[in-house]
Amino acid sequence: MKSNLELYKSLYLIRYCEQRIIDLYHENEMRTPMHMSFGQEYIPVGVCSGLDMKCDITSSYRSHANFLAKTADYKSFFYEMYGKEDTVGKGKCGSMHLGDPKKGHILSSGIVASQIPAATGLAFANKYKKIQNFAICFFGDGAIDSGCFWESLNLACLFKLPVFFICEDNEWAVHTPKSDRRGYKDLKKIVGNFDLYFYEEESNDAEILQKKVNEAKNKYKRNPKPIFFNIRCYRYLAHIGIETDWNYNYRPKKVYNKWKKKDCLKIQKDKLFVKYDKNLIKNTEQNIEKKVDAVILKAKKSKSLNSREMFKGLFYEND
Amino acid sequence: MKSNLELYKSLYLIRYCEQRIIDLYHENEMRTPMHMSFGQEYIPVGVCSGLDMKCDITSSYRSHANFLAKTADYKSFFYEMYGKEDTVGKGKCGSMHLGDPKKGHILSSGIVASQIPAATGLAFANKYKKIQNFAICFFGDGAIDSGCFWESLNLACLFKLPVFFICEDNEWAVHTPKSDRRGYKDLKKIVGNFDLYFYEEESNDAEILQKKVNEAKNKYKRNPKPIFFNIRCYRYLAHIGIETDWNYNYRPKKVYNKWKKKDCLKIQKDKLFVKYDKNLIKNTEQNIEKKVDAVILKAKKSKSLNSREMFKGLFYEND
Amino acid sequence: MKMISYQEAIRQATYSEMEKDKNVFICGIGITSHAKAFGTTEGLEEKFGSSRCFDTPISEDAMTGFVFGSAVKGLKPIHVHIRSDFFILGMNQLANIISPFQYYVHGTIPLPIVFRVIIGRGFGQGAQHSKSLLSFFTHMPGFKVIAPSSPRDVKGLLTSAIRDNNPVIFFEHRWLYWSEQKIREESYEIQIGKGKIIKKGADITIVAISWMNVEAIFAAKILKKRNINVEIVDPRTLYPLDKKIIISSVKKTKRCLVVDCDWTFSGVSAEIAAIVSRECFDSLEKPVQRLGFKHVPCPTARHLENAFYPNAENIVRAVEEILQIEPMNLEGIEFFSNEKRFKGPL
Amino acid sequence: MKMISYQEAIRQATYSEMEKDKNVFICGIGITSHAKAFGTTEGLEEKFGSSRCFDTPISEDAMTGFVFGSAVKGLKPIHVHIRSDFFILGMNQLANIISPFQYYVHGTIPLPIVFRVIIGRGFGQGAQHSKSLLSFFTHMPGFKVIAPSSPRDVKGLLTSAIRDNNPVIFFEHRWLYWSEQKIREESYEIQIGKGKIIKKGADITIVAISWMNVEAIFAAKILKKRNINVEIVDPRTLYPLDKKIIISSVKKTKRCLVVDCDWTFSGVSAEIAAIVSRECFDSLEKPVQRLGFKHVPCPTARHLENAFYPNAENIVRAVEEILQIEPMNLEGIEFFSNEKRFKGPL
Ligand SMILES: Cc1ncc(C[n+]2csc(CCOP(=O)(O)OP(=O)(O)O)c2C)c(N)n1
Ligand SMILES: Cc1ncc(C[n+]2csc(CCOP(=O)(O)OP(=O)(O)O)c2C)c(N)n1
Ligand SMILES: [Mg+2]
Ligand SMILES: [Mg+2]
């Protein structure tokens with residue numbers, strides 16, 4: 001479990017990295033379509049810290065917060081965004097396929113729901129090898145439309161796997177609301193009736209979330225069943241890209257205003273103000289900013305994979 | 001709705017046709033793997049008659065009862081089994097793909113659950129064209145393992161389609177029981193929480209079933225929502241082929257004995273004995289037998305599609 | 001005749017068929033939202049109502065069966081997929097239900113389904129938003145497969161596809177969307193299964209698929225400078241394939257290069273190369289060569305992505321090799337890229 | 001050396017790898033029930049326990065991702081599918097997750113997955129239990145694709161496949177299950193990617209895939225009677241393909257027939273024909289010909305089913321045509337069928 005300060009650092013790192021994308025995207029050097037986590041950061045931060053980082057995760061293309069919450073590796077993050085060689089992905093992945101399996105972020109997938117089944121397999125391997133580790137799949141509310149979700153849920157419950165299903169429920173699948181996609185009213189009454197532990201959350205508070213996740217983990221230990229969290233959140237920006245999308249009028253701005261008031265960084269920061277000196281917080285932030293800025297400069301200048309090497313890595317060869 | 005006598009005729013036709021398969025299969029002229037309906041006949045009979053036959057159906061490879069309950073076309077049935085030309089399928093379909101779209105049996109599919117989505121489309125077309133007709137998909141309990149089922153269920157409920165989901169729940173998927181395939185205890189609590197009408201049935205009585213189906217149909221008319229029936233039944237024979245399978249010891253024979261006592265033909269016949277003369281019943285049966293036997297003789301002698309014509313029918317050409 | 005874009009041509013064909021036949025409907029994920037499937041569904045919901053133009057859940061598998069079922073009962077669905085990578089989530093329905101259905105009923109039940117499948121490049125799309133998989137649908141029987149390369153063709157072929165009583169998979173390359181051409185305003189058909197000579201020439205036949213026609217034309221212009229006359233054949237329909245037009249072109253030029261926008265291994269380019277090698281055995285002076293995607297998943301970084309896709313430069317080099325002439329200097333020539341998009345006219 | 005069947009060879013390879021490496025596990029629909037996946041999983045659950053050999057729900061899509069996930073974490077799954085038609089329900093995971101994964105991590109994470117996929121004929125299986133779709137998995141990058149044709153090969157190649165750190169799709173033809181051969185009892189590897197000359201000959205090269213090797217051998221025996229010496233090459237691995245062995249054979253014989261047990265259009269046979277036509281351009285005396293499934297879904301009735309599949313008779317006729325000799329009298333020769341199954345030895 002993380003202290004308030006640690007949680008805030010993690011949140012701030014993510015927010016700042018994405019802020020830099022917003023600032024620099026126009027330069028046209030990060031040539032990869034961005035699905036921003038902006039506003040939704042508390043979910044992976046709360047979940048991963050609730051498991052003391054003892055987890056492997058898979059996520060959707062909306063992967064920035066997940067990657068950084070799990071790995072804190074802002075260097076790889078920007079190198080990958082800039083398509084440079086010195087990362088695991090070597091620029092082949094970009095924003096949509098961020099991942100570093102050795103650091104526990106197995107993959108990000110651009111196909112809705114397709115990252116879910118892998119988590120059941122990761123969990124199975126942990127159970128098989130008796131490793132005390134959880135597998136987490138992060139997915140959007142849209143993924144629940146997909147049969148792949150239901151099959152995976154059933155498998156996990158049947159095999160009683162140590163897996164967390166984390167639904168990042170921001171209400172929208174691109175521009176389609178849940179009500180236009182669901183033939184039922186209450187997800188809880190359906191998913192909650194599988195053999196699992198069902199939770200809901202909409203606090204936007206990473207600290208509350210981490211506690212609940214930790215509690216769920218303990219429940220699993222007493223009586224192993226998968227865990228499902230439906231976590232409400234709000235996407236501040238457009239489905240894709242770095243801009244807001246109020247101009248399309250498909251979702252009311254007043255909902256944004258409501259969420260903005262309980263912005264997940266603000267929530268944690270307010271708590272810090274009670275405990276810590278203002279300057280310490282400011283320094284913490286500046287420290288992160290400095291490190292990130294430095295990495296971005298290096299990333300820009302760093303070298304790319306030679307395109308003659310593009311055939312490398314199709315197969316694992318180090319046998 | 002059908003009278004007891006009509007229900008019995010339909011059941012008897014199916015049972016007798018399958019009995020003839022059992023008798024004649026050893027001759028090696030019906031070259032198609034048989035998935036027998038034996039024991040489960042009340043389901044399609046009750047369902048189709050409950051809708052006054054105003055329905056289009058899709059079914060699994062366990063298609064014999066469904067085809068005969070819907071079309072009563074025992075001639076096509078046997079011609080197709082014998083691989084002869086004078087049917088819709090011209091011998092291309094065999095037992096697993098029985099169907100006659102013009103008579104309302106759209107298709108039978110050998111891929112578990114794959115026949116389900118089509119029914120949502122049939123229902124959509126009826127709704128679109130304002131035709132008062134229902135679409136029915138028949139599927140086994142195994143189909144519920146498949147994501148395809150959940151997607152179709154969700155679509156149907158979301159679009160409020162005139163469709164019946166009929167689960168022919170015989171407990172087994174080949175040799176695997178439900179408990180080894182399901183990560184939940186009570187299907188009703190899950191499926192029943194979609195926006196639909198949920199029914200359960202295990203009477204083995206086609207008359208009771210037809211009433212319930214009729215009632216469900218009327219519910220739809222008052223307030224359109226899809227209908228789901230989970231119908232318990234018992235497969236008398238092996239998953240595939242014409243033999244019993246007690247020798248494999250995977251399912252207890254005493255369960256069979258219980259079901260056998262309430263065999264669906266017996267239930268209807270007992271009711272007929274109250275109303276009708278014994279001889280009338282006997283005559284009815286013999287009449288069916290005679291017609292079926294005559295057709296079988298003709299089918300055997302009938303001609304096959306010339307194999308030079310095997311490329312015909314890949315595309316619809318009668319534009 | 002009016003100058004219109006490929007995407008507008010798609011919209012027009014859809015619009016007039018929906019107007020003409022009330023059984024035509026269109027559906028797909030997000031097609032009613034403001035993006036309007038890259039503009040191709042603009043105005044359809046407003047005109048024809050939301051029962052004929054609608055959004056769907058993210059359930060490609062069931063939706064593929066849904067459109068199939070609706071077609072069996074006399075509707076004429078157009079199912080839109082903004083990526084081929086998403087389309088294949090319906091593989092089970094495509095391979096196991098739709099592919100054999102017509103054959104089961106010996107050709108007696110109209111089965112008018114159009115799958116509009118968008119392929120092609122954006123920028124940095126990566127491995128999951130870049131596949132074409134044209135070959136899959138030509139490999140399995142039961143589908144007509146079309147991949148038009150110009151506004152004129154896309155309008156006529158989409159019209160024919162919607163009117164056809166068989167499942168049609170209609171591949172549209174995104175980079176063609178902005179190409180423009182003068183075309184007839186009223187609706188018209190182009191026969192499915194007929195290829196087209198895009199450019200006449202005597203020295204070599206290039207069989208180009210979809211977007212690759214634009215690259216081939218560009219390459220032809222470059223090669224023209226050194227007096228090499230390329231003939232370009234666009235099959236337009238990949239199944240059934242117009243073998244005749246290809247064969248007679250190669251018999252004339254005696255050389256052939258096939259350029260696909262898909263992987264080559266077991267690809268449509270392999271099929272065409274195999275057919276040409278067999279049918280033009282006595283005429284060919286050089287072996288048939290092929291170009292296509294590099295045999296890796298599509299990488300994201302710009303320079304790798306550029307190396308992944310075949311383009312006019314690769315075509316020029318391949319032609320030079322076939323003709324055994326020195327590689328020419330291509331410096332200063334700006335090839336198509338996400339920055340320099342082709343706008344036409346062709 | 002002991003006489004064992006193809007199916008027993010599969011069982012033995014699985015058994016010894018599971019014994020050797022506790023990270024190997026096997027799963028698939030119904031594999032623990034008494035049918036034991038046509039006998040190939042016999043005794044595994046008893047020996048290794050139900051955590052290493054287990055049945056699954058009918059959820060091919062999620063199960064494909066499940067085995068992928070388990071492999072990323074160091075397990076070595078063997079996922080059994082009793083039909084290729086069922087296997088493709090996992091297409092999304094195969095094409096979108098597994099195909100690009102290794103490339104995303106630049107070859108640094110072992111990804112040992114074996115998909116055992118059973119193809120082939122039974123009797124009257126119809127359109128949904130008869131597809132091979134070999135071509136699909138050679139078309140997409142990221143897979144090794146193997147299709148052994150003898151007990152000796154299946155044992156060695158399955159052993160190699162299980163030990164390989166990459167996704168392998170392992171196609172087993174049902175009609176080979178009963179074939180027998182004397183093979184070593186202890187476990188051994190056969191290198192993936194290496195073809196084999198099944199029979200030497202000077203007059204024509206037949207490249208045969210999977211079961212078609214048995215048909216080719218039978219055809220060769222028939223042709224031998226009129227002094228035609230066929231060379232048979234079994235590529236064994238379809239991706240990566242051993243081009244060399246094929247090319248050098250054809251350079252010698254100057255003629256080539258490719259016989260696949262799949263459809264031909266955009267098939268592996270097209271790829272091989274295209275490669276041979278290009279690489280042996282100067283040696284070929286006749287165009288490369290192909291045989292495969294007829295381009296329709298597989299019909300059920302016996303006589304139609306027989307006409308659908310290529311067999312030794314078709315091979316004899318094709319060879320005669322290539323060699324431009326009169327068709328011989330084949331009356332009285334009984335070809336393989338469901339009634340007359342091949343038992344080996346080869
Ligand atoms: C299988 C599939 N179909 C369609 C798409 C196109 N698509 C991209 S994102 C998206 C919406 C997903 O919404 P949700 O799961 O709620 O995630 P969010 O973007 O809200 O985080 C869709 C439909 C896709 N990526 N994959
Ligand atoms: C997608 C798919 N996977 C596996 C199979 C093999 N298989 C054939 S029948 C069957 C069991 C289906 O059981 P259920 O749906 O309960 O139908 P029942 O046979 O009991 O009527 C299985 C697994 C298949 N046909 N399709
Ligand atoms: Mg969402
Ligand atoms: Mg069952």
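Anything mentioned here points back to the structure above.
Criteria and thresholds
Residues numbered from 1 in each chain as written. Chains lettered and ligands numbered in written order. Predicted model: local features only at pLDDT ≥ 70, side-chain atom pairs only at ≥ 80, totals over all residues. Heavy atoms only, no water. Contact = heavy atoms within 4.5 Å. Buried area = accessible area lost by both parts, 1.4 Å probe. Salt bridge = Lys/Arg side-chain N within 4 Å of Asp/Glu carboxyl O. Polar contact = N/O pair within 3.5 Å; in protein donor to acceptor, adjacent residues only side chain to side chain. Helix = DSSP H or I, 4+ residues; strand = E, 2+ residues; numbered from the N terminus. Nonpolar A, V, L, I, M, F, W, Y, C, P; charged D, E, K, R; others polar. Pairing = 2+ DSSP bridges. Axes fitted to C-alpha atoms, helices over the stretch in contact; angles between N-to-C directions.

S.K.: Describe the interface of chain B and chain C, listing the residues and the values that go with them.
M.R.: Taken together, the 44 residues of chain B in the interface contact 45 residues of chain C. Summed over both sides, the interface between chain B and chain C buries roughly 3700 Å², with carbon and sulfur atoms accounting for 68% of that surface. Looking only at chain B, the three residues that lose the most surface to chain C are Y128, F315 and Y316 of chain B, adding up to 20% of its buried area. Note that D56 of chain B and K73 of chain C form a salt bridge whose closest N and O atoms lie 2.6 Å from each other. Viewed at the interface, chain C and chain B are joined by 15 residue pairs in polar contact (both at pLDDT 80 or more). Broken down by secondary-structure element, the contributors of at least two residues to the side of chain B that touches chain C are β2 (105–109), α5 (116–128) and α6 (147–158) of chain B. In terms of residue count, the dominant contributor to the side of chain B that touches chain C is α5 of chain B (9 residues).

S.K.: Before we move on, can you summarise the interface of chain D and chain C with the specific residues and values?
M.R.: Chain D puts 51 residues into the contact, and the matching count from chain C is 51 residues. The tally of links from chain D across to chain C stands at 2 salt bridges. Across the salt bridge formed by E271 of chain C and R290 of chain D, the nearest N and O atoms sit 2.9 Å from each other. Counting across the chain D and chain C interface gives 22 residue pairs in polar contact (both at pLDDT 80 or more). Those elements that provide at least two residues to the side of chain D that touches chain C are α6 (91–104), α7 (134–139), β12 (237–239), β13 (256–263), α11 (268–279) and β14 (289–293) of chain D. The element best represented in the side of chain D that touches chain C is α6 of chain D, accounting for 9 residues. For the side of chain D that touches chain C, the per-class residue count stands at 30 nonpolar, 13 polar and 8 charged.

S.K.: Outline the sheet that holds strand β3 (residues 134–140) of chain B, listing residues and values.
M.R.: Residues and elements named next belong to chain B. Across the sheet, which stays open at both edges, the 6 strands sit in the order β2-β1-β3-β4-β8-β7 with parallel pairing between neighbours. Two strands bound the open sheet, and with one partner strand each, they are β2 and β7 (197–201). Ignoring strand direction, the axes of neighbouring strands in this sheet form an average angle of 15°. With respect to the sheet, helix α8 (residues 206–222) is in contact with β3, β4 (163–169), β7 and β8 (227–232), its orientation differing from that of β7 by roughly 175°.

Taken by themselves, the reported measurements are silent on function.
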